[in-house]
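Listed below are the residues making up each chain.
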Amino acid sequence: KRRPLRGLDVGTGTGILGLALAMRTKRRVVAGDIDAVAVEVAAHNARVNHAPGALDLYVAPGLLHAKANRPGHFDLVVTNIGMVPMNGWELADHLRARDNEVPLVFITGWGMQEQDQARCRRPGTSALLFKPVRPAELHTTVQSALAEVSRHARVLVSGRGLLPGLSYLAAT
């Protein structure tokens, strides 16, 4: 019997992608951000979407919290390339050092430099989406990532965005 999907949203911001994953998989997603206001916004968005227990929230940078710092525990990690103090590339390197089987899907609002494109070609990178991401495109990417979890039991999806039917408040 396969164990339930375990998700982590690092740099959750509004929490919408982590919330969408939690609602899609019907499993609680651990979600954190360095910004306490962003974590409050994520909690608000979970309540507005009638899913107050969908996110297990924390305030800390990257994986520097006991809820997130669990090597090999998560099947699905959601992050954004543009985080501080650890950006998405550094997070991916940190995760690969613990589990090099983790595939990656990035969402970014940044322009891609040649070095970034090279990073996307590393083994384990499944896709790169650019903001603004259309809900249908994000939905398809999430579906593919979840299908990959079913096949390989490990995946990393990164980014923030909307899925159809979710209400949200953006942090400013």
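Refer to the structure above for everything that follows.
Quick look at the structure, then. (Residues numbered from 1 in each chain as written. Predicted model: local features only at pLDDT ≥ 70, side-chain atom pairs only at ≥ 80, totals over all residues. Heavy atoms only, no water.)

As for helix 3 (residues 88-98)
Side chains that are three or four residues apart share a direction in an α-helix, a result of its 3.6 residues per turn.
Link 1 in the chain: Within helix 3 the residues assigned to the buried category are G88, W89, L91, A92, L95 and R96. In a view along the axis of helix 3, the buried residues occupy a sector of 160 degrees, so they form one face of it.
Link 2 in the chain: Residue N87 occupies the N-cap position of helix 3, its side-chain oxygen lying 2.9 Å from the main-chain nitrogen of W89. (Buried < 20%, exposed > 50% of the residue type's maximum accessible area, 1.4 Å probe, protein only. Helix = DSSP H or I, 4+ residues; strand = E, 2+ residues; numbered from the N terminus. Arc of directions from axis to C-beta. Polar contact = N/O pair within 3.5 Å; in protein donor to acceptor, adjacent residues only side chain to side chain.)

Re helix 1 (residues 16-25)
Link 1 in the chain: Here helix 1 lies mainly inside the structure; seven of its ten residues are buried.
Link 2 in the chain: Taken residue by residue, helix 1 has I16, L17, G18, L19, A20, L21 and A22 as its buried positions.
Link 3 in the chain: Remark: K26 follows helix 1 within two positions and exhibits a positive phi of approximately 60 degrees.

A closer look at the environment of G13
Link 1 in the chain: Mapped onto the elements of the fold, G13 is located in the loop between strand 1 (7-10) and helix 1.
Link 2 in the chain: Here G13 falls in the buried class, since its relative accessible area comes to 6%.
Link 3 in the chain: The spacing of G13 and M83 is 70 residues in sequence and 9.7 Å in space, taken between C-alpha atoms.

Considerations on the pairing of strand 4 (residues 76-79)
Link 1 in the chain: Burial along strand 4 is two-sided: the face carrying L76 and V78 and the face carrying V77 and T79 are both buried.
Link 2 in the chain: When strand 1 meets strand 4, the two strands line up parallel, connected through four bridges. Each bridged residue has a counterpart across the sheet, and for L8 the counterpart in strand 4 is V77. (Pairing = 2+ DSSP bridges.)

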